[in-house]
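# Observations on chain architecture
So you can see what is in the structure, the chains are spelled out below.
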Amino acid sequence: MIFVVGGTGFIGSHFLRALKEAGHDVKCLIRTPGRAGTCTAMGFSTASGDITDRDSLKTALEGVHTVAHLVGIIEERGSQKFHKVHFGGTINLVEEATLAGVRHFIYVSALGADINSPYPYARTKAQAEGAVKSSG
């Protein structure tokens with residue numbers, strides 16, 4: 001099973017269509033319940049959770065062999081901060097995927113991701129890349 005995080009976003013919706021056309025078994029992590037239709041309309045299962053809440057990921061990864069992590073925020077709003085979502089959320093997902101025995105982890109970063117960037121978006125995307133690379 002492929003676990004898609006960020007499937008209700010722009011890239012995610014296109015990715016889900018490609019997975020559907022290829023006949024893959026997919027489960028989507030859904031942070032906002034009202035957006036589950038993007039996944040369920042394609043016949044995919046869902047799990048409620050948020051990558052910034054590690055506890056919500058614990059049972060969601062059962063039976064998963066591949067994680068596709070597509071989450072990215074363009075601007076900070078409320079509690080959704082670049083460091084918390086891009087870096088902290090990725091750490092949570094990588095660690096829970098490791099515990100669940102996930103074999104493959106696909107991370108979609110961003111052009112210009114750079115640990116030395118003056119821009120928090122690019123810097124936190126690079127930090128997340130590092131977390132994925134060092135996870136094994």
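The structure presented is a predicted model; accordingly, all values stated were derived computationally and were not measured. (Residues numbered from 1 in each chain as written. Predicted model: local features only at pLDDT ≥ 70, side-chain atom pairs only at ≥ 80, totals over all residues. Heavy atoms only, no water.)

### Looking at the overall build of the chain
Regarding its fold elements, the chain presents 4 helices and 5 strands. Along the chain, helices and strands appear, N-terminal first, in the series β-α-β-α-β-β-α-β-α. Taken over the C-alpha atoms alone, the chain extends approximately 40 × 30 × 25 Å along its principal axes. Counting across all 136 residues of the chain, residues that qualify as buried make up 40%. In the chain, the share of contacts with a sequence separation of at least 24, taken over all contacts with a separation of at least 6, comes to 58%. Split by element, the accessible area of the chain, about 7300 Å² in all, is 54% carbon and sulfur. Between the centroid of the 14 positive side chains of the chain and the centroid of its 12 negative side chains there is a distance of 3 Å. (Helix = DSSP H or I, 4+ residues; strand = E, 2+ residues; numbered from the N terminus. Buried < 20%, exposed > 50% of the residue type's maximum accessible area, 1.4 Å probe, protein only. Contact = heavy atoms within 4.5 Å. Areas by Shrake-Rupley, 256 points an atom, 1.4 Å probe, with all protein chains shown as cover. Lys, Arg positive; Asp, Glu negative; His and termini not counted. Charge placed at Lys NZ, Arg CZ, Asp CG, Glu CD.)

### A look at the sheet that holds strand E2 (residues 26-30)
Sheet strands pair via backbone hydrogen bonds, and the direction of the pair is either parallel or antiparallel. Overall, parallel pairing links the 5 strands, which are arranged E3-E2-E1-E4-E5 in an open sheet. Since the sheet does not close on itself, it has two edges, and those belong to strand E3 (45-48) and strand E5 (104-107), each with one partner. Between one strand axis and the next, the sheet turns through 20° on average, direction left out of account. (Pairing = 2+ DSSP bridges. Axes fitted to C-alpha atoms, helices over the stretch in contact; angles between N-to-C directions.)

### So, the pattern of salt bridges
Taken as a whole and assessed by the stated rule, the structure comprises 4 salt bridges. Two residues, Arg-54 and Glu-95, come together in a salt bridge whose shortest N-O distance is 2.4 Å. One end of the pair, Arg-54, is in the loop between E3 and strand E4 (66-69); the other, Glu-95, is in helix H3 (residues 82-99), and 41 residues separate them in sequence. By relative accessible area, which is 26% here, Arg-54 ends up partly exposed. The partly exposed category is assigned to Glu-95, whose relative accessible area is 35%. Residues Glu-75 and Arg-77 are paired through a salt bridge, measuring 2.3 Å at the closest nitrogen-oxygen approach. Residues joined by salt bridges that share partners form a network here, namely Arg-54, Lys-58, Glu-95 and Glu-96. (Salt bridge = Lys/Arg side-chain N within 4 Å of Asp/Glu carboxyl O.)

### Concerning the state of the cysteines
Under the definition given, this model contains 1 disulfide. Each sulfur in the disulfide pair Cys-28 and Cys-39 lies 2.3 Å from the other. One quick way to see it: the torsion about the S-S bond of Cys-28 and Cys-39 is about -105°, and its sign makes the bridge left-handed. Taken together, the residues span a long stretch of sequence, with Cys-28 in strand E2 and Cys-39 in helix H2 (residues 37-40) at a distance of 11 residues. The residues Cys-28 and Cys-39 share a single accessibility class, namely buried. (Disulfide = S-S within 2.5 Å.)

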